[in-house]
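Letter by letter, the chains look like this.
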Amino acid sequence: DTGVSQNPRHKITKRGQNVTFRCDPISEHNRLYWYRQTLGQGPEFLTYFQNEAQLEKSRLLSDRFSAERPKGSFSTLEIQRTEQGDSAMYLCATERVADTQYFGPGTRLTVL
Amino acid sequence: GEDVEQSLFLSVREGDSSVINCTYTDSSSTYLYWYKQEPGAGLQLLTYIFSNMDMKQDQRLTVLLNKKDKHLSLRIADTQTGDSAIYFCAEVRNQGGKLIFGQGTELSVKP
């Protein structure tokens, strides 16, 4: 257990529905990252926050995806109008600036 | 990650050494990492090396970095069945920035 928690651990939804995932970081970690991992691949960067500011977004993050970190602590990742191609493991990682990233257990999304 | 490459599979016998290789393309990479992922789980940080080092040892783990060839390796001594997992190398190009991962090497340890 790294101290980073993610909820839910599994989510099954129907195509077209909205889903929201939550990540709770290690308390003193001010950077928070979201990654997506599909089967047989390494994680791919989606976006990251330093405190409450969203500093970078990947081209992978379409308009249907939005992430927030309102108070610089927990973060949410929302996917609107889910598609089957969104099925993946969504991983959150946190770090103190210029330190190493620690990953949560991930949320596995299945879109039917 | 298109910029970081790893072989996909490695099979060893229990007690042998395992060597997992990785190549990267960006010479500006500052830190290089090894993570381990067991089925259905998140990523566990194993070790990392700063780009101005060429070797780091941590118990059964030895990391070698050849910066000229942009080649990174992870050696696991006395490999155990509990070491069976997928191993990812990853690079960070800016201090504290996003990680760029390889595809992962699936290590299978046979008794």
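Data block above holds the structure.
Caption draft 1: Summary view of the environment of B:Glu91. All names here are of chain B. Tracing the backbone through its elements, the reader meets glutamate 91 in strand β9 (residues 85-92). As a C-alpha pair, glutamate 91 and aspartate 3 span 88 residues in sequence and 9.3 Å in three-dimensional space. Residues contacting glutamate 91, with those up to four places away along its chain left out, are Asp3, Val4, Tyr24, Asp26, Ser29, Tyr31, Leu32, Lys98, Leu99 and Ile100.

Caption draft 2: Focus on the sheet that holds strand β8 (residues 71-76) of chain B. Residues and elements named next belong to chain B. The five strands are arranged β1-β3-β8-β7-β6 in an open sheet whose pairing can be described as antiparallel. Two strands in the sheet have a free side with no partner beyond their single neighbour: β1 (4-6) and β6 (55-58). Neighbour to neighbour, the strand axes of the sheet diverge by 15° on average, direction disregarded. Relative to strand β3 (residues 18-24), β1 runs antiparallel, the two being bridged by three bridges. The partner of glutamine 6 across the bridge, within β3, is cysteine 22.

Caption draft 3: Highlighting the packing of aromatic side chains. One pass over the structure, following the stated rule, counts 16 aromatic pairs over all chains. Ring geometry for B:Tyr35 and B:Phe101: centres 5.9 Å apart, planes at 50°, overall tilted. Separated by 66 residues along the polypeptide, B:Tyr35 in strand β4 (residues 31-37) and B:Phe101 in strand β10 (residues 99-101) bring together distant segments of the chain. Neither B:Tyr35 nor B:Phe101 differs from the other in exposure class; each is buried. B:Phe101 gets classed as buried once you look at its relative accessible area, which sits at 1%. A connected cluster of aromatic rings, assembled from ring pairs, spans A:Tyr33, A:Tyr35, A:Phe45, A:Tyr48, A:Phe103, B:Tyr31, B:Tyr33, B:Tyr35, B:Tyr48, B:Phe50, B:Phe88 and B:Phe101. Here the basic side chain of A:Arg22 rests over the ring of A:Phe74, its NZ or CZ set 3.9 Å away from the ring centre. Looking at B:Lys56, its charged tip hangs above the ring of B:Tyr48, at a distance of 3.9 Å from the centre.

Caption draft 4: Highlighting the pattern of salt bridges. Taken as a whole and judged by the stated rule, the model has eight salt bridges over all chains. A salt bridge links A:Arg31 to A:Glu95; its shortest N-O distance comes to 3.7 Å. In this pair, A:Arg31 is assigned in strand β4 (residues 31-37) and A:Glu95 in strand β9 (residues 88-95), connecting sequence segments 64 residues apart. The two residues A:Arg31 and A:Glu95 agree in class, both being buried. In this structure, B:Lys36 engages B:Glu38 in a salt bridge whose closest nitrogen and oxygen atoms are separated by 3.7 Å. We classify B:Lys36 as buried; its relative accessible area is 10%. A relative accessible area of 37% means that B:Glu38 is categorised as partly exposed. Beyond isolated ion pairs, a larger network of salt bridges with shared partners links A:Arg64, A:Glu83 and A:Asp86.

Conventions and cut-offs
- Residues numbered from 1 in each chain as written.
- Chains lettered and ligands numbered in written order.
- Predicted model: local features only at pLDDT ≥ 70, side-chain atom pairs only at ≥ 80, totals over all residues.
- Heavy atoms only, no water.
- Helix = DSSP H or I, 4+ residues; strand = E, 2+ residues; numbered from the N terminus.
- Contact = heavy atoms within 4.5 Å.
- Pairing = 2+ DSSP bridges.
- Axes fitted to C-alpha atoms, helices over the stretch in contact; angles between N-to-C directions.
- Phe/Tyr/Trp six-rings, centres within 6.5 Å; stacked < 30°, edge-to-face > 60°.
- Buried < 20%, exposed > 50% of the residue type's maximum accessible area, 1.4 Å probe, protein only.
- Lys NZ or Arg CZ within 6 Å of the ring centre and 35° of its normal.
- Salt bridge = Lys/Arg side-chain N within 4 Å of Asp/Glu carboxyl O.

None of this, on its own, says anything about what the molecule does.
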